[in-house]
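# Residue-level structure breakdown
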Amino acid sequence: FPCCSGKNVPKLPLTTIRYTYGSQMIAYPEYNVTIMTRNDSVLAIVFDINKIQYSLYHITQPDVMKKMKDIIIKEKMYNYKDSYHNPYVLDGDGWSFNASFCDDVDERHKHMEWISSGGSNKWPSGKGLKRIESAMKEALTDAQFLYICDENGKEVTEEPKSEDTVTEDTSNE
């Protein structure tokens, strides 16, 4: 599996893209979106920091993955370093970016490429990350909500219990 980072322009179709960032002083990321292809659909796992929950959406806009791959190529995001770090800032921001490209020849034979980069208080030059974030937000403007999920997109069927909720088991203690 060749890695694209710092090497070649990805040639395969973009199948998954994830961008996340936030303050290192907060337990949850301020922004965390994964957009992926599943069968003939494009889905998005979106973290809502105000509700501390993930939700799954169906992206309805056409050619979303192609648009994002075009940004990756135009902004040369495949040349990003593996890691960016500023040792002089102790409590700033962190970010990560991942993109997977896959061509399913058949179930046993897949070709894959990927880009993975991240940083602490330092970003790569150019507008790639801002353009990807903007494209993700645009893709979500008319997306269809499907359900609340975990970070991998698996449906969560019951509401998490808060610590101050009284249950039958604890009410008689």
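Residues numbered from 1 in each chain as written. Predicted model: local features only at pLDDT ≥ 70, side-chain atom pairs only at ≥ 80, totals over all residues. Heavy atoms only, no water.

### Some words on the overall build of the chain
Helix and strand counts for the chain stand at three helices and eight strands. Element order for the chain, N to C, with α for helix and β for strand: β-β-β-β-α-β-β-β-α-β-α. Put simply, the chain has 173 residues, and 38% of those count as buried. In the chain, the share of contacts with a sequence separation of at least 24, taken over all contacts with a separation of at least 6, comes to 65%. Roughly 11,200 Å² of accessible area belongs to the chain as shown, and the carbon and sulfur atoms make up 49% of that amount. (Helix = DSSP H or I, 4+ residues; strand = E, 2+ residues; numbered from the N terminus. Buried < 20%, exposed > 50% of the residue type's maximum accessible area, 1.4 Å probe, protein only. Contact = heavy atoms within 4.5 Å. Areas by Shrake-Rupley, 256 points an atom, 1.4 Å probe, with all protein chains shown as cover.)

### Re the packing of helix H1 (residues 64-74) against helix H2 (residues 128-140)
Relative placement of two packed helices is described by the angle separating their axes and the distance separating the axes. Where H1 contacts H2, the axes come no closer than 9 Å and their chain directions differ by 170°. With respect to H2, the element H1 is oriented roughly antiparallel. Contacts between H1 and H2 involve Val64, Met68, Ile71, Ile72 and Lys74 from the first element and Gly128, Arg131, Ile132, Ala135, Met136 and Ala139 from the second. Residues of the contact of H1 with H2, tallied by class, amount to eight nonpolar, one polar and two charged. (Axes fitted to C-alpha atoms, helices over the stretch in contact; angles between N-to-C directions. Parallel < 35°, antiparallel > 145°, perpendicular 65-115°, else oblique. Nonpolar A, V, L, I, M, F, W, Y, C, P; charged D, E, K, R; others polar.)

### A few points about H2
The terminal C-alpha atoms of H2 lie 18 Å apart, and with 13 residues this matches the ideal 18 Å at 1.5 Å per residue to within 8%. When we look at burial in H2, the residues that qualify are Gly128, Leu129, Ile132, Glu133, Ala135, Met136 and Ala139. Mapping the buried residues of H2 onto a view down its axis gives an arc of 165°, with all of them on the same face. (Expected span 1.5 Å × (residues − 1). Arc of directions from axis to C-beta.)

### Considerations on the side chain of asparagine 32
Mapped onto the fold, asparagine 32 is located in strand S2 (residues 31-38). Beyond its immediate stretch of four places on either side in the chain, asparagine 32 contacts Arg18, Tyr19, Thr20, Ile45, Val46, Phe47 and Tyr54.

### A word on the pattern of salt bridges
A complete count under the given rule lists three salt bridges for this structure. When the shortest N-O distance is used, the salt bridge between arginine 131 and glutamate 75 registers 3.0 Å. Placement of arginine 131 in helix H2 and of glutamate 75 in the loop between H1 and strand S5 (83-85) is noted, with a sequence separation of 56 residues between them. Taking the shortest distance from any N to any O, the salt bridge between lysine 137 and glutamate 133 comes out at 2.9 Å. You can see lysine 137 and its partner glutamate 133 sitting in helix H2, four residues apart, about one turn around the helix. (Salt bridge = Lys/Arg side-chain N within 4 Å of Asp/Glu carboxyl O.)

### A few points about a nonpolar patch on the surface
Together, Met25, Ile26, Tyr28 and Ile52 make up a nonpolar patch on the protein surface, roughly 410 Å² of accessible area in all. Residue placement: isoleucine 52 occurs in the loop between strand S3 (41-48) and strand S4 (53-59). Under the relative-accessibility criterion, isoleucine 52 is labelled partly exposed at 39%. (Patch = residues over 30% accessible without salt bridge, like charges linked within 9 Å, V, L, I, M, F, W, Y side chains within 5 Å.)

By themselves, these observations are geometric and do not establish any function.
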